[in-house]
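The chain contents come next:
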Amino acid sequence: MTHNDVTVLPDGRRLYSDGHTYTPVPREQRKNRVLRPEDPRAVRRGNRWYLPLPVIPMEQREMPQTRPDDETLRHRALCRCTVCVRPASKELWRIALRRGSLPPRD
Ligand SMILES: [Zn+2]
């Protein structure tokens, strides 16, 4: 970081307003390890660099069809469908039987 104005010369060197020049060393010839990824979208948090995750755009995303757990109370007892075999559904059955509050079936 410098507070001097920097001018990039045609040969790639940097000329600072206080008169000195700097020749950038190519990445593969540097002696110290470069932590920053070459991707310009990389962001740094603390001492680590992060790249954006490759995610599907929001328009192309599809949410799976879901069925609520309390649908199991309208099924017959000991039903083996995907909703009724959930542990949360079994807990709902246990609570409803203890309270005697089974909803009317369809
Ligand atoms: Zn069921």
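Let us look at the structure shown here. (Residues numbered from 1 in each chain as written. Predicted model: local features only at pLDDT ≥ 70, side-chain atom pairs only at ≥ 80, totals over all residues.)

## Notes on the environment of Y16
Item 1. Looking at where Y16 falls in the secondary structure, it is placed in strand β2 (residues 14-16).
Item 2. Judged by C-beta crowding, with 14 C-beta atoms within 10 Å, Y16 ranks as partly exposed.
Item 3. The sequence separation of Y16 and N4 amounts to 12 residues, and the corresponding C-alpha distance is 5.9 Å. (Helix = DSSP H or I, 4+ residues; strand = E, 2+ residues; numbered from the N terminus. Buried ≥ 20, exposed ≤ 12 C-beta atoms within 10 Å, placed from the backbone.)

## Examining the sheet that holds strand β1 (residues 6-8)
Item 1. Strand order in the open sheet made by the 3 strands is β1-β2-β3, with antiparallel pairing throughout. Every interior strand has two partners, whereas the edge strands, β1 and β3 (21-22), have only one.
Item 2. Pairing of β2 with β3 involves 2 bridges; the strand directions are antiparallel. The residue of β3 that forms the bridge with L15 is T21. (Pairing = 2+ DSSP bridges.)

## Some words on helix α1 (residues 87-99)
Item 1. Compared with the 18 Å implied by 1.5 Å per residue over 13 residues, the 19 Å span of α1 between its first and last C-alpha is a close match.
Item 2. A small share of α1 lies buried, amounting to 1 of its 13 residues. (Expected span 1.5 Å × (residues − 1).)

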